[in-house]
Amino acid sequence: MAKNNNLTDFLTNLANKFRNKLGSTSSINPQNFEGLIDDIYTKGYNDAPKRN
């Protein structure tokens, strides 16, 4: 299947990744992507094994 709208496909795929990583199913406003990148970074940092 051809992708006719690359920007829409890109943003949809990016939003799906955000939802998957953050455990959400709600719609995402593209204006919130910057904050979601910060949220994913923080989640990854907090979930990483801590060294003693």
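Coordinates for the structure precede this section.
Every chain is numbered on its own, with residues counted from 1 as its sequence reads. For a predicted model such as this one, the threshold for reporting local features is a pLDDT of at least 70, and the threshold for listing and counting side-chain atom pairs is 80 or more; totals across whole chains, interfaces and linings nevertheless cover every residue. The side-chain quantities take in all heavy atoms of the structure and omit both hydrogens and water.

Undergrad: Report on the overall build of the protein, specifying residues and quantitative values.
TA: Secondary structure elements are defined from DSSP: runs of H or I of at least 4 residues count as helices, runs of E of at least 2 residues count as strands, and each element is numbered from the N terminus. The helix and strand tally for the protein stands at two helices and zero strands. What the globule rule says is 2.2 Å times the number of residues to the power 0.38, and the radius of gyration is computed from C-alpha atoms. Its C-alpha atoms give the protein a radius of gyration of 14 Å, more than 25% over the compact-globule value 10 Å for 52 residues. For every residue, the accessible area (1.4 Å probe, protein chains only) is compared with the maximum for its type, and the residue is labelled buried under 20%, exposed over 50%, or partly exposed between those bounds. Within the protein, buried positions represent 10% of all 52 residues. Throughout, the Shrake-Rupley method with a 1.4 Å probe supplies accessible areas, and for residues the shown protein chains are the sole cover considered. With the model as given, the accessible surface of the protein reaches about 4800 Å², and the carbon-plus-sulfur share is 51%. Just so you know, the count uses Lys and Arg for positive and Asp and Glu for negative, and it drops His and the chain ends. Note on charges: their place is set at NZ of Lys, CZ of Arg, CG of Asp or CD of Glu. Computing the positive centroid from 7 side-chain charges and the negative centroid from 5, the protein places the two 10 Å apart.

Undergrad: An account of helix 1 (residues 6–22) is requested, with residue identities and associated values reported.
TA: Over its 17 residues, helix 1 runs 24 Å from end to end, which matches the ideal 24 Å to within 8%, given 1.5 Å per residue. If you check which residues of helix 1 are buried, you get Ala 15, Phe 18 and Arg 19. Buried residues along helix 1 cover an arc of 95° about the axis, so they all sit on one side. Pointing more than 90 degrees away from the buried face of helix 1 are the exposed residues Asn 6, Phe 10, Lys 17, Asn 20 and Lys 21. Count one or two residues on from helix 1 and you reach Gly 23, which has phi positive near 70°. How far a helix is expected to stretch is found by multiplying one less than its residue total by 1.5 Å. This arc is built from the directions going out from the helix axis to the C-beta atoms.

Undergrad: I'd like a rundown of the packing of aromatic side chains, residues and numbers included.
TA: Only Phe, Tyr and Trp rings are paired, with Trp represented by its six-membered ring, and only when their centres lie within 6.5 Å; those with planes under 30 degrees apart are stacked, over 60 edge-to-face, the remainder tilted. Going through the model one piece at a time under the given rule, you end up with one aromatic pair. Ring centres of Phe 18 and Phe 33 lie 5.1 Å apart, and the angle between their planes is 70°; this geometry places the pair in the edge-to-face category. Taken together, the residues span a long stretch of sequence, with Phe 18 in helix 1 and Phe 33 in helix 2 (residues 33–47) at a distance of 15 residues. Pair check on accessibility: Phe 18 and Phe 33 agree, each one buried. The criterion is that NZ of a Lys, or CZ of an Arg, lies within 6 Å of the ring centre and within 35 degrees of the ring normal, and then a charge sits over that ring. Sitting over the ring of Tyr 45, Lys 50 keeps its end group 4.8 Å from the ring centre.

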